Amino acid sequence: MKLSVGRSLAVVAVTSLLAAGCAAPESSGSSADEYKLGVMLPLTGPLASIGESFRTGIEMAAEQINADGGIDGTDLEVVFEDTQGTPEGGVEAMNKFVNVENAPMVVTATSGQTLSAQPIASQRDVLLMNVGGASPNLLELDALYNNAVNINALGPILANHLFEQGYRRIAFVGTADPFGEGSVEAMAPVWEELGGEVVAEQSVALTDTDYGGQMLKVRSGRPDVVIATATGEVLGQLVQQARAAGIDVPMAGPLGTDGLTSVAGKAAEGFIDVSMTVADPSSAPGSPAAEFYTDYEAEFGAAPSWIPGTAYETVYLFKSLIEQALEDGDDPTDGAVLEELVQGAEFDDVLQAGDTVNFLDDHSVARTVAIREVVDGAFDVVETVRAGDAE
């Protein structure tokens, strides 16, 4: 099923019906007084900056949708809950969404809070849509879908790139959470299969501030490249302390954000990552990707990263799912209905003009990502590659 996502695209096309030569059914579902979307993000604590970045994309999309007449003439209400990025925060927020707000879909962003919320979503038939977490543990779970490329797809891309650059001795350092641990799980076997050696594995607690002991152990392994995995500003702290500890070999990792460059400063120079990325709008004028880029830049005075991008397109995805449910004559406030619609769906990529995003059988997505390098404090794209598609 092809869903239309983006401000300029208002009609949802059901490709399976068109392929069969059948007309889509007329709308006979019941509209609600308002359509409520739950959003749980780390708005305070060590991950607050990344949570606020996701929030900008969500709020911009919601404002546009309501300014354009809402969803089938009905207002969209977005309800935010602060999780501080913790599993406990995820449980508390999810319980509020199902018991108080009755939201049929909830947007989430980091792996730990998402994993803790998923059993509640499954039990209460709420569609849980992750826009940022990348842990392998997020896959193949009932009620949970991921509009973010998983580390299982990102890790091998980065490992192959680094091996092709001539590196052979790799060390891992990252947060002791599903994202940091998942990075090792996804990359280490690929690295060893390529013929490389894993010389150190170290982890830090999200609440730690001094990583000196871990960095000494990484340095003692004599790596020629270090993989650092963490979210937002915590990644910047890892890189900064690695350099302070005398680790002078190249560093790399998945899903870098502005938190890396803002905290690590010059220490972040040369950092290589694999990540979703936003294309230049001039590549496809008038496309959903170009409109998102220019609208975001006009509102916030800066070019968008992938973080507000996946959040933005997910709000429009919610709109399209509701419109499709109404067209099918189903209840658009039933999370189970929305989950059935999203299975195997595809939509136009709001980050990369001309591309599509496809939901896969394991509840991840296939979409275009980029190998990037930090040059003069900014991420420069080295190459783009399609991630998640079956080979």
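On a predicted model such as this, the values are computed, not experimentally measured, just so you know.

Student: What's the story with helix H11 (residues 306-328) in this structure? I'm lost.
Tutor: Helical geometry note: an α-helix holds 3.6 residues per turn, so side chains three or four residues apart project in the same direction. The end-to-end C-alpha distance of H11, which contains 23 residues, comes to 32 Å, matching closely the 33 Å that a straight helix rising 1.5 Å per residue would cover. In terms of residue burial, H11 counts as a mostly covered element, since 22 of its 23 residues are buried. Of the residues one or two after H11, Gly329 is the one with positive phi, at around 80°.

Student: How should I be thinking about a negative patch on the surface in this particular structure?
Tutor: A cluster of like negative charges, contributed by Glu269, Glu373, Asp376 and Asp380, occupies part of the molecular surface. With respect to the element layout, Asp376 can be found in the loop between strand S14 (365-375) and strand S15 (378-387).

Student: Just checking my understanding: could you explain the pairing of strand S9 (residues 225-229) for this structure?
Tutor: Taken residue by residue, a regular strand's side chains alternate between the two faces of the sheet. Counting buried positions along S9 gives five out of five residues, so the element sits mostly inside the fold. Of the two faces of S9, the one lined by Val225, Ile227 and Thr229 and the one lined by Val226 and Ala228 are each fully buried. As defined by bridge partners, strand S7 (residues 169-175) adjoins S9 across five bridges and the pair is classed as parallel. The residue bridging Val173 from the neighbouring strand is Ala228, located in S9.

Student: I would appreciate a short explanation of helix H3 (residues 87-101) in the present structure.
Tutor: Here H3 is 15 residues long and its end C-alpha atoms lie 20 Å apart, about the 21 Å a rise of 1.5 Å per residue gives. Every buried residue of H3 is listed here: Gly89, Gly90, Ala93, Met94, Phe97, Val98 and Glu101. Buried residues of H3, seen end-on, are gathered within an arc of 150° and therefore sit on one face of the element. For H3, exposure combined with an orientation more than 90 degrees from the buried face picks out Glu88, Glu92 and Val100. Where H3 is buried, its residues meet strand S2 (35-41), strand S3 (76-82), strand S4 (105-108), helix H4 (111-123) and strand S5 (127-130).

Student: Would you mind going over the confidence of the model for the protein with me for this structure?
Tutor: The predicted structure's coordinates, where accompanied by low pLDDT, should not be read in detail. On average, residues of the protein carry a pLDDT of 91, and 93% of them reach 70 or more. Throughout residues 9-28 the model reports pLDDT below 50, and contacts reaching past four residues in sequence, or to other chains, amount to 32 contacts.

Student: Which parts of the structure should I look at to understand the sheet that holds S3?
Tutor: For sheets, the rule is that strands pair by backbone hydrogen bonds, running either parallel or antiparallel. The five strands are arranged S3-S2-S4-S5-S6 in an open sheet whose pairing can be described as parallel. Across the chains shown, the open sheet's two edge strands, defined by having one partner strand only, are S3 and strand S6 (144-146). Here the strands of the sheet are splayed against their neighbours by 25° on average, with no regard to which way each runs. On the sheet, H3 packs against S2, S3, S4 and S5 and is oriented at approximately 170° with respect to S2. The strands touched by H11 are S2, S3, S4 and S5; relative to S2, the strand with the most contacts, the crossing angle is about 150°.

Student: I keep staring at the layout of surface pockets and nothing clicks. Help me out?
Tutor: Where empty space is left becomes clear once a probe the size of a water molecule has been rolled over the atoms. Estimates place the volume of the largest pocket at around 530 Å³. Where the lining of the largest pocket is concerned, the elements lending two or more residues are helix H2 (48-67), helix H9 (258-264), helix H10 (288-300), H11 and S15.

Student: Can you help me understand the pattern of salt bridges in this one?
Tutor: In a structure, side chains of opposite charge can pair up when their charged atoms sit close to one another. Counted according to the given criterion, the structure contains 10 salt bridges. Close ionic contact of Asp273 with Arg372 constitutes a salt bridge, the shortest N to O distance being 2.9 Å. Of this pair, Asp273 sits in strand S11 (residues 272-275) while Arg372 sits in strand S14, placing them 99 residues apart in sequence. With a relative accessible area of 0%, Asp273 lands in the buried category. Given the relative accessible area of 7%, Arg372 is considered buried. Close ionic contact of Arg367 with Asp349 constitutes a salt bridge, the shortest N to O distance being 2.6 Å. You can see Arg367 sitting in strand S14 and its partner Asp349 sitting in the loop between strand S12 (346-348) and strand S13 (356-359), a full 18 residues away along the chain. Residues Arg367 and Asp349 agree in their burial class; the two are buried. A cluster of three or more residues bridged by salt bridges with shared partners is formed by Glu34, Lys36 and Glu101.

Criteria and thresholds
- Residue indices begin from 1 for each chain and proceed along its sequence in written order.
- In keeping with the model being predicted, local features are shown solely for residues with a pLDDT of at least 70 and side-chain atom pairs are shown and tallied solely at 80 or more, while totals for entire chains, interfaces and linings include all residues.
- Each side-chain value is derived from all of the structure's non-hydrogen atoms; neither hydrogens nor water enter the calculation.
- Put simply, DSSP marks the helices as runs of H or I at least four residues long and the strands as runs of E at least two long, and each gets a number from the N terminus on.
- Helix span is expected to be 1.5 Å times the residue number reduced by one.
- The rule is simple: take the accessible area with a 1.4 Å probe, protein chains only, and divide by the maximum for that residue type; under 20% is buried, over 50% is exposed, in between is partly exposed.
- Put simply, a patch holds well-exposed residues, over 30% relative accessible area, that have no salt bridge, with like charges counted together within 9 Å and Val, Leu, Ile, Met, Phe, Trp or Tyr side chains within 5 Å.
- For the area figures, the Shrake-Rupley method with a 1.4 Å probe applies, and any residue is considered shielded solely by the protein chains shown.
- Here, a salt bridge means any side-chain nitrogen of Lys or Arg that lies within 4 Å of a carboxyl oxygen of Asp or Glu.
- When charges are counted, Lys and Arg are positive and Asp and Glu negative, with His and the chain ends excluded.
- To locate a charge, take atom NZ for lysine, CZ for arginine, CG for aspartate or CD for glutamate.
- Note on pairing: two strands pair once DSSP finds at least 2 bridges between them.
- Directions drawn from the helix axis to the C-beta atoms are what define this arc.
- In what follows, a contact means two residues having at least one pair of non-hydrogen atoms within 4.5 Å.
- The quantity known as pLDDT measures the predictor's confidence residue by residue, on a range of 0 to 100.
- Orientation is described by axes fitted as lines to C-alpha atoms, over the contacting stretch for helices, and by angles from 0 to 180 degrees between their N-to-C directions.
- Put simply, the grid is 1 Å and covers the protein atoms alone, a cavity is a trapped set of points that fit a 1.4 Å probe, a pocket is an open set with protein on both sides within 12 Å along at least five of seven lines, and lining residues have an atom within 4 Å of a point.
- Grid points are joined across faces, edges and corners, and a volume is the space filled by probe spheres set on the points.

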